Amino acid sequence: MAKNLLIVESPAKAKTIEGYLGKDFLVKSSYGHIRDLVKTDDAIDTDNNFQQKYEVPADKKAIVSELKKLAKSAETVWLASDEDREGEAISWHLFETLGLKDENTKRIVFHEITKPAILKAIESPRKIDYNLVNAQQARRVLDRLVGFELSPVLWKKVKPSLSAGRVQSVAVRLIVEREREINRFEAEASYKVVAIFNTGKGKEQLKAELPQRFQTSAEAEQFLKDCVSANFKVGNLETKPSKRTPAAPFTTSTLQQEASRKLGFSVARTMQVAQRLYEAGRITYMRTDSVNLSDTALQAARAEITSAYGDHYHKQRQYRTKSAGAQEAHEAIRPTYFNEHSIEGDNSERRLYELIWKRSIASQMSEAEFEKTTAKINVSTRSEDFVATGEVLKFDGFLKVYMESTDDEDQEGFDDADSDNKLLPPLSVGQDLQLKNMQATERFSRASARFTEASLVKKLEELGIGRPSTYAPTISTIQNRGYVVKEDRDGKERIYEVISLENGLVSSVKKTEITGAERSKLFPTDIGVLVNDFLVQHFKDIVDYNFTATVEKEFDEIAQGYKEWTDMLSNFYGPFHSEVQDTLENADRATHERELGVDPVSGKPISVRVGRFGPLVQIGSADDEEKPRFASLRKGQMIETITFEEALDLFNLPKKVGAFEEKEMTVAIGRFGPYIRHNSSFYSLPKGVDPLDVTEEQAIEIIVEKRQKDKDKIIRVFEENDEARIENGRWGPFVRFGKQNLKIPKGTEVENISYADVLKWAEEDSKGSTGKKTTRATKTTKAAKPAARAKKK
DNA sequence: CAGTGAGCGAGCTTCCGCTTGACTT
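Residues numbered from 1 in each chain as written. Chains lettered and ligands numbered in written order. Predicted model: local features only at pLDDT ≥ 70, side-chain atom pairs only at ≥ 80, totals over all residues. Heavy atoms only, no water.

(A) Local environment of the UniProt feature "domain: Toprim" (unreviewed entry) in chain A. The UniProt feature table records "domain: Toprim" (unreviewed entry) at residues 3–113. In residues 3–113, the share of helix is 33% and the share of strand is 23%. The end C-alpha atoms are 22 Å apart. (UniProt positions renumbered as here; feature names shortened; annotations may be inferred. Helix = DSSP H or I, 4+ residues; strand = E, 2+ residues; numbered from the N terminus.)

As structure tokens, this is what we get:
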């Protein structure tokens, strides 16, 4: 039996450390927290100093009993969980749950997994820091109280199964408020003037822009007219050196942002792939808020840069963490071995690894050096000057390996690559230039961008809300609850004007562009808006953007021993609990109802509200003799912004479009989009076809095509039973047997499948499915959207 | 799978943070 038992949080970490410590040490993992508050309402006794009831969750029972046994026979138990609030609490829970004794338990901490760091930690053990533990308990209890008192208020006043919490509710609020900001936004037009000159020497051209913009078409046109007979001269030339420095190595949040921008990964995907890289020993821990690199890493990076690129490409840098509330229990995310520029693995693993490798290496490289030249061009007939800029790269430095992306490329509407960093042609002050052409293009100001998953994480981190381990789950939660959807939306056409001056003539044309198209952006749903407004109205303090920052300050004071954790909680809970009671008693049910006007046909009122199955339009009221008419809102429409006309249009469906094979065809919109119904079969409309415009011919064509496709899907129908067939599915061939879908075992040739095989598989499937099906069912319920869940009932 | 839109009121839902599996359909 080993003399020493050392417990860390992650099994991959345990494996690494075991290698450093030799055979006197047995290194085990706790797999994170081993205890949590019981799920019931008696978890916290609010009348009795917030005393907590903990339990070991079912999935942790095995590990706890194993650790208990090992701890008993060990001479010394080393608690080596992370050096932060949660880590300290994990050590405390271990101490309590495993029944450890003070005299042979040692608490050690290190924030990088390197041999020297571990050995040093072992030399300076300490005791559990109960102030830090108390700070964690305060955090845990506050989150439970907020979550488990607010959520039931929503069940009563809005809809069952909803949730609210310190983190998720603020995340939703950010999205709702951004959406409103965009809705309120009115684009302002202005005219940007760009000119192209011939330099006279050779054929080189010079592109220059007017720094100021014109507000009206008339002003822009006047400017161009004034330029018809003008002379153009280089008035001023300036050359300045400039530098760019590399970005800090990755934290969880910045990794999610860059993987989203450069690789198109969702935050969940990034974390899954990073987890695999971590477990394979390729990268350091992926849930971190630190930009720090260990000395070992700094040296390895230097060695790699010097040998691969040369001495002058290396510059050692230590970065400072900027984000609020950072706890820095780990290193930045970096490759374990800097000399491996790329790795084996699947496509996503290779790409993410390379991103991490490049970013980390670049962070230890020299600045890139540029020379920026600015030329001013005078116009003889006007006071304004054109400006041409050129940038030459003098030394690439870190740009040799890595270039950070930004979210808001094209923020000001420069949709052409006009600020291309190019060398200017040779110029001299006073030199005459010949105008080739000039264009004044109408451009529009832009609203703030909608959030992507990754840019929302960035914002949350800036506000100090959430932790590296919860960013991805939070983003999933607000989508699973139906508060937010990640979607693409089509843009709208917009007309803009281009005024040109060429060959002494000024002319104007109208052009069209697409504006407002979105890809994978977060949009609030009506239920998200409704819940947010309810929370803002009744629990302003909790959903305040500064709430977390404020309580974090108090947690820090507790951690430093300046404040009692129970005092802090009493001060918070008293007023909060009364708010909850007051809201339960007095607040109205929230439906977000809005009157739109009066139906011109029936004279009845038209209103929109959130109903049992989502947002709807209603003509008439429930009190009328005649039942009201209903229609669901369509994707992209919201209660807040739908117009009277759009609402009326929704009643144009379902609509008859004619007949086919003596049966009527109707077009309508269902949960899966627009469809044609014919002879009790359903045919989806292809994208881009407006259901209101579908003609009889088009409808027939769609039906015929779908039938052919279905026919092609069937590979074989068994003679013995036409309910048994082999079909081509999304994941290759499978067997459809009545209502059962059966997998074809690997290695089986499709031609060789007999009816007996099918019967055998069907038997096995129904036998094995009893246990399996239940887990599957709970899973779908969890992930299912509210509408689908309601239906299940 | 492609509807529905009132409500008897059972029994359920829910938080944030720390970790990894067993699932993909």
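(B) Spotlight on the packing of aromatic side chains. One pass over the full model with this rule turns up 15 aromatic pairs. Summarising the aromatic geometry, the rings of phenylalanine 197 and phenylalanine 232 are spaced 5.1 Å apart at their centres and angled 55° between planes, so their arrangement reads as tilted. Residue phenylalanine 197 is found in strand E9 (residues 189–198), and its partner phenylalanine 232 is found in strand E11 (residues 232–244); the two are separated by 35 residues along the sequence. For the pair phenylalanine 197 and phenylalanine 232, a shared accessibility class is recorded, and that class is buried. Note on phenylalanine 539 and phenylalanine 576: the rings are 6.2 Å apart at their centroids and 55° apart in plane angle, and the pair reads as tilted. Highlighted residues: phenylalanine 539 in the loop between helix H14 (526–538) and helix H15 (547–559) and phenylalanine 576 in helix H16 (residues 565–586), separated in sequence by 37 residues. Relative accessible area serves as the criterion here: at 4%, phenylalanine 576 is assigned to the buried category. (Phe/Tyr/Trp six-rings, centres within 6.5 Å; stacked < 30°, edge-to-face > 60°. Buried < 20%, exposed > 50% of the residue type's maximum accessible area, 1.4 Å probe, protein only.)

(C) Structural detail: the packing of helix H8 (residues 252–263) against helix H11 (residues 347–362). At a minimum axis separation of 11 Å, H8 and H11 run at an interaxial angle of 120°. Considered as vectors, H8 and H11 are oriented oblique to each other. In the packing of H8 onto H11, the handedness of the crossing is right-handed. Residues Thr254, Leu255, Glu258, Ala259, Lys262 and Leu263 of H8 touch H11, and the partners they reach there are Arg351, Leu352, Leu355, Ile356 and Arg359. Across the contact of H8 with H11, the residue classes break down as six nonpolar, one polar and four charged. (Axes fitted to C-alpha atoms, helices over the stretch in contact; angles between N-to-C directions. Parallel < 35°, antiparallel > 145°, perpendicular 65-115°, else oblique. Left-handed = near helix turned anticlockwise from the far one by under 90°. Contact = heavy atoms within 4.5 Å. Nonpolar A, V, L, I, M, F, W, Y, C, P; charged D, E, K, R; others polar.)

(D) Looking closely at the sheet that holds strand E24 (residues 663–670). Across the sheet, which stays open at both edges, the four strands sit in the order E23-E24-E25-E26 with antiparallel pairing between neighbours. Strand pairing shows two members of the sheet lacking a second neighbour, strand E23 (655–660) and strand E26 (681–684), which therefore form its edges. Averaged over all pairs of adjacent strands, the angle between strand axes in this sheet comes to 30°, irrespective of strand direction. Bridging between E23 and E24 involves five bridges; their strand directions are antiparallel. Paired with lysine 656 across the strands is threonine 666, a residue of E24. Where helix H18 (residues 696–713) meets the sheet, its contacts fall on E23, E24, strand E25 (673–678) and E26, and the angle it forms with E23 comes to roughly 65°. (Pairing = 2+ DSSP bridges.)

(E) Just the pairing of strand E14 (residues 432–444), in detail. Two elements, E9 and E14, share ten bridges in a ladder whose sense is antiparallel. Paired with isoleucine 196 across the strands is asparagine 437, a residue of E14. Pairing of E11 with E14, which is carried by two bridges, proceeds in the antiparallel orientation. In the sheet register, lysine 233 faces E14, and the bridge partner there is aspartate 432.

(F) Seen up close, the domain arrangement of chain A. Domain boundaries assigned for chain A yield domain 1 (4–128), domain 2 (138–185 + 447–589), domain 3 (252–366), domain 4 (594–650), domain 5 (655–715) and domain 6 (718–783). Listed by partner, the interface residues are twelve residues for domain 1 and ten residues for domain 3. Looking only at domain 1, the three residues that lose the most surface to domain 3 are Ala12, His111 and Glu112, adding up to 42% of its buried area. Inspection of the domain 1/domain 3 interface yields zero salt bridges. Our count for the contact surface shared by domain 1 and domain 3 stands at four residue pairs in polar contact (both at pLDDT 80 or more). Looking at the side of domain 1 that touches domain 3 residue by residue, the class counts come to three nonpolar, three polar and six charged. (Domains from an automatic or database assignment. Buried area = accessible area lost by both parts, 1.4 Å probe. Salt bridge = Lys/Arg side-chain N within 4 Å of Asp/Glu carboxyl O. Polar contact = N/O pair within 3.5 Å; in protein donor to acceptor, adjacent residues only side chain to side chain.)

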